[in-house]
Amino acid sequence: MKTRNSSSLNRVLGHLDNLDTTNLTILVQRLAKERELLEKVFNSIKDGILVLDHTGIIQYANQSSLELVGLSEQDIGETVLTDKWPDLNRWIDIQALDDPLETSTAVTREIEMTYPQQRFVRLFLMPLKLSTSSTRMSFLIVLTDITEQKETTLETIESEKIASIIMLAAGVAHEIGNPLNSLTIHLQLIERKLEQLEKSTATERIEKSIKVCEEEIKRLDGIITHFLGAIRDNPPDFQDVDLINVIEEVVGLQEESLQKNKIDLNVEIDQPTPLILADVNQVKQVIYNVLKNAVEAMPSGGIIKIKPQSDDEFVSILIADTGAGIDHEDLSKIFQPYFTTKKSGTGLGMMVVNRIMRAHGAKIGIDSKKGKGTVVTLQFPQKHRRVRLLQE
Ligand code: ADP
Ligand code: MG
């Protein structure tokens, strides 16, 4: 890096033998100033920058790298980087790079960090000769935080995957509709023919069988209609919505199954909540699906708490149950289509919830403890957000 003073500095450095004390002081001051400037520049860079010597001891670390890796100032000049970041060994053998013949090997890796925070980082490592006289290599490491970038890519892949599965299933469901129609018509024809025959135990048995077939076809038809309805991706019809009204309406629909399952429901409404902009039917569907899961998680009774809350920006609904809870490893799967742990589950409920929430710019949070229960938080942006003034 070249600074304004560097050429004159170089000239002075070339005549070190002739320097008197005054000039030496000026030189040191100038060097200190230059160092301060560079430090400021490096500490304001978002990327983490580290320099290691050939043994892996940290020689320099800017502020961002300290934060990313979880180091302190005391580590500089003292600590071997891989002692503080043992996982790094899994990705790169730094010592193996200390080969004078391999001076040009630069390495780049995408690394998942778990400490001090869960992050994705792109690491770029390059051997560096700090002075012409040294025979050993130092290493420059640049760490770029790519967590957000990674998350959006993953979300895109995930939603595309889901979309293609749904398209396929919707196609199949649609195709099943036609043969079902034809089966119904033929069953009706058989019924009519049967009416013309003389009644006997045999005709009675056939009649019964036909009724069973008709019922089953009706059931299949119901499943398909329900399925196609659930996956239809309608854009929301935004209107002013008072979430408390929606909660009351949905709770009304569930009353019977709550009683049947011996579930106590506490709806805790302390005060009115601000309006949100939403598609009222879609929000109803969201709350219904979440509440239904809560009920189904407590086959031998329990307590459900529903609590709306609001702050300056959001209106949230908390739906907590004291049911079975969700396995740690299942938590990431519950939004996937067809993921279900229930005998007669469709595995579509939470996928629909997730899709509707996204279309509303709303967020969903799930906290669950196996055997204790689950808390689902639905957070909607308010219609009129109160802008918080920045403190002077
Ligand atoms: P389904 O209810 O048809 O199984 P969902 O998409 O609604 O499909 O839910 C997927 C899975 O997520 C459920 O099978 C269940 O394992 C889990 N789950 C969702 N909500 C809860 C809850 N409140 N308590 C326990 N498990 C839940
Ligand atoms: Mg469900």
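Conventions adopted
Residues numbered from 1 in each chain as written. Chains lettered and ligands numbered in written order. Predicted model: local features only at pLDDT ≥ 70, side-chain atom pairs only at ≥ 80, totals over all residues. Heavy atoms only, no water. Phe/Tyr/Trp six-rings, centres within 6.5 Å; stacked < 30°, edge-to-face > 60°. Helix = DSSP H or I, 4+ residues; strand = E, 2+ residues; numbered from the N terminus. Buried < 20%, exposed > 50% of the residue type's maximum accessible area, 1.4 Å probe, protein only. Salt bridge = Lys/Arg side-chain N within 4 Å of Asp/Glu carboxyl O. Core = buried A, V, L, I, M, F, W, Y, C linked by side-chain atoms within 4.5 Å. Domains from an automatic or database assignment. Contact = heavy atoms within 4.5 Å. Axes fitted to C-alpha atoms, helices over the stretch in contact; angles between N-to-C directions. Left-handed = near helix turned anticlockwise from the far one by under 90°. Nonpolar A, V, L, I, M, F, W, Y, C, P; charged D, E, K, R; others polar. Near = heavy atom within 4 Å. Polar contact = N/O pair within 3.5 Å; in protein donor to acceptor, adjacent residues only side chain to side chain. Areas by Shrake-Rupley, 256 points an atom, 1.4 Å probe, with all protein chains shown as cover. Patch = residues over 30% accessible without salt bridge, like charges linked within 9 Å, V, L, I, M, F, W, Y side chains within 5 Å. Pairing = 2+ DSSP bridges.

Caption draft 1: Structural context of the packing of aromatic side chains. Within the structure shown, the criterion is met by one aromatic pair. Between Phe 42 and Tyr 60, the aromatic rings sit 5.9 Å apart at their centres with planes inclined by 85°, giving edge-to-face as the arrangement. Of this pair, Phe 42 sits in helix H2 (residues 21-44) while Tyr 60 is found in strand S2 (residues 58-61), placing the two residues 18 residues apart along the sequence. Given the relative accessible area of 24%, Phe 42 is considered partly exposed. Overall, Tyr 60 belongs to the partly exposed group, its relative accessible area being 24%.

Caption draft 2: Up close: the pattern of salt bridges. A complete count under the given rule lists 15 salt bridges for this structure. Glu 207 is paired through a salt bridge with Lys 199; the nearest N and O atoms lie 3.6 Å apart. A relative accessible area of 31% means that Glu 207 is categorised as partly exposed. Measuring nitrogen to oxygen at the nearest pair gives 2.7 Å for the salt bridge that ties Lys 284 to Glu 249. Here Glu 249 lies in helix H8 (residues 243-260) and Lys 284 lies in helix H9 (residues 280-296), a separation of 35 residues in the sequence. One salt-bridge network, in which partners are shared between bridges, spans Glu 191, Lys 211 and Glu 214.

Caption draft 3: Quick peek at the nonpolar core. Ranked by internal contacts, the top residues of the largest apolar core, which has 47 residues, are Ile 287, Ile 304, Ile 306, Ile 317, Ile 319, Leu 378 and Phe 380. Each of domain 2 (151-231) and domain 3 (239-391) contributes no fewer than three residues to this core. Aside from chain neighbours lying at most four places away, what touches Leu 378 is Val 286, Ile 287, Val 290, Val 315, Ser 316, Ile 317, Ile 319, Met 357, Lys 363 and Ile 364. By size, the runner-up hydrophobic cluster in this structure holds 22 residues, among which are Leu 52, Leu 68, Ile 111 and Met 137.

Caption draft 4: Layout of the packing of H9 against helix H10 (residues 349-359). Relative orientation of the contacting elements H9 and H10 amounts to 145°, with a least axis distance of 9 Å. At the point where H9 passes H10, the crossing takes the left-handed sense. Residues Gln 282, Gln 285, Val 286, Asn 289, Val 290 and Asn 293 of H9 pack against Gly 349, Met 350, Val 352, Val 353, Ile 356 and Met 357 of H10. Residues that form the contact of H9 with H10 fall into these classes: seven nonpolar, five polar and no charged.

Caption draft 5: Expanded view of the site of ligand 1. The environment of ligand 1 is formed by 19 residues, the closest being Asn 293, Thr 340, Thr 341, Lys 342 and Met 350. Residue Asp 321 places a side-chain N or O atom 2.9 Å away from a nitrogen atom belonging to ligand 1. Residue Met 350 places a main-chain N or O atom 2.8 Å away from an oxygen atom belonging to ligand 1. For ligand 1, whose unbound accessible area comes to 530 Å², protein coverage reaches 93%. Those elements that place two or more of their residues in the shell around ligand 1 are H9 and H10. For the shell around ligand 1, the element with the most residues is H9, which contributes three residues. Considering only residue class, the shell around ligand 1 consists of seven nonpolar, nine polar and three charged.

Caption draft 6: A look at the domain arrangement of the protein. For the protein, the domain assignment lists domain 1 (2-150), domain 2 (151-231) and domain 3 (239-391). Put simply, the middle of domain 1 and the middle of domain 3, counted by C-alpha atoms, are 49 Å apart.

Caption draft 7: Looking closely at H10. All buried positions along H10 are accounted for by Met 350, Met 351, Val 352, Val 353, Asn 354, Ile 356 and Met 357. Directly beyond the C-terminal end of H10, a positive phi value near 65° is found at Gly 361.

Caption draft 8: Here's a closer look at the environment of Arg 192. Locating Arg 192 in the fold gives a position in helix H6 (residues 147-196). Spatially, the C-alpha atoms of Arg 192 and Thr 114 are 70 Å apart, while their sequence positions differ by 78 residues.

Caption draft 9: Just the side chain of Asn 354, in detail. Summarising the element assignment, Asn 354 is placed in helix H10. Not counting chain neighbours up to four residues away, the residues in contact with Asn 354 comprise Phe 335 and Ile 364.

Caption draft 10: Up close: a nonpolar patch on the surface. Residues Leu 16, Leu 24 and Val 28 make up a contiguous nonpolar surface patch of roughly 250 Å² in combined accessible area. Topologically, Val 28 is positioned in helix H2.

Caption draft 11: Local environment of the sheet that holds strand S10 (residues 314-321). Strand order across the open sheet formed by five strands is S7-S9-S10-S12-S11, with mixed pairing between neighbours. Edge positions in the sheet fall to strand S7 (263-267) and strand S11 (363-369), since each has one partner strand and no second. On average, each strand axis in the sheet is tilted by 10° relative to the strand beside it, whichever way the strands run. Bridge count between strand S9 (residues 302-310) and S10: seven bridges; the pairing is antiparallel. Directly across from Lys 305, in S10, lies its bridge partner Ala 320.

Caption draft 12: Examining the sheet that holds strand S5 (residues 138-145) more closely. The strand order S2-S1-S5-S4-S3 describes an open sheet built from five strands, whose pairing is antiparallel. Of all the strands in the sheet, just S2 and strand S3 (107-113) have a single pairing partner and so form its edges. Each adjacent strand pair in this sheet contributes to an overall mean axis angle of 25°, direction not counted. Judged from the eight bridges that link them, strand S4 (residues 119-128) and S5 form a sheet pairing that is antiparallel. From the neighbouring strand, Val 121 faces S5, where its bridge partner is Asp 145.

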